[in-house]
Amino acid sequence: MIGLKGTMAVIDNSGAVIAECIKVMSGGRYARLGDEIVCVVKRARPINPSLIGTQAASLKVKKGDVRHAVIVRTKKEVGRPDGRYIRFDDNACILLNQKKEPLGTRVLGVVAAELRQKKWMKLVSLAPRVV
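- In the nomenclature of an unreviewed UniProt entry, the protein corresponds to Large ribosomal subunit protein uL14m from the organism Umbelopsis vinacea.
- Under the UniProt heading Sequence similarities (unreviewed entry), the entry covering the protein gives this text: "Belongs to the universal ribosomal protein uL14 family."

What follows is the structure, encoded as C-alpha cells:
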C-alpha cells in the first residue's frame, strides 16, 4: 500500500534511484501491486557528460522529473487465491513512458506475479524473476 508521499526504490535502468508517490491513478487512497501512480524522482544517478552513446542514453531521468510508474513490490502483504500471503522487504516501482511502456530496458530485481493479472506482461517478461 503506497500512499501520498510514500517513497520507493526504482528497479529499472532509467537512471532514477528513489521515487516519491504524488498521485494514485486508480482513484483510491492507496496503490497496491500492479497499480499505476504518478511519482517524482527524488534521487537519480548522475549523468556524466564524458559518456558517449548508449550509457548516456540509458539515463533518461533526472532529479525532479515527474513520471508515471507501476508498483511491482510492496511491504504490505498481499493475499493469493491459494491462501498464501506474500510480502517484500521494500517498496519498488518501474517508471513508464507516455505510452505506458517501461522507460528502462532492464528490470533489476524480482517482481510480483500479480502483475500478470493486471496485464503488465512487458514488465513480467523483462524481470529476471517473478515471485
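## Notes on the side chain of E114
1) Next: Residue position: E114 is located in helix α2 (residues 114-117).
2) Next: Separated by 2.8 Å, the side chains of E114 and R80 make a polar contact.
3) Next: Those residues in contact with E114 that lie beyond four places of it in its chain are L33, V78, R80 and I86.

## A closer look at the pattern of salt bridges
Proximity of charged atoms lets side chains of opposite charge pair with each other.
1) Next: One pass over the structure, following the stated rule, counts nine salt bridges.
2) Next: Two residues, D90 and R73, come together in a salt bridge whose shortest N-O distance is 3.0 Å. Of this pair, D90 sits in the loop between β6 (85-86) and β7 (92-96) while R73 is found in strand β4 (residues 66-73), placing the two residues 17 residues apart along the sequence.
3) Next: Its relative accessible area of 10% is what places R73 among the buried residues.

## Describing the side chain of D65
1) Next: Looking at the element boundaries, D65 is found in the loop between α1 (54-58) and β4.
2) Next: Classification of D65 by relative accessible area gives buried; the value is 15%.
3) Next: A polar side-chain atom of D65 sits 3.0 Å from the main-chain amide nitrogen of K62.
4) Next: With residues up to four places along the chain from it excluded, the contact list for D65 reads C39, V40, V41 and K60.

About the criteria used
- Residues numbered from 1 in each chain as written.
- Predicted model: local features only at pLDDT ≥ 70, side-chain atom pairs only at ≥ 80, totals over all residues.
- Heavy atoms only, no water.
- UniProt positions renumbered as here; feature names shortened; annotations may be inferred.
- Helix = DSSP H or I, 4+ residues; strand = E, 2+ residues; numbered from the N terminus.
- Polar contact = N/O pair within 3.5 Å; in protein donor to acceptor, adjacent residues only side chain to side chain.
- Contact = heavy atoms within 4.5 Å.
- Salt bridge = Lys/Arg side-chain N within 4 Å of Asp/Glu carboxyl O.
- Buried < 20%, exposed > 50% of the residue type's maximum accessible area, 1.4 Å probe, protein only.

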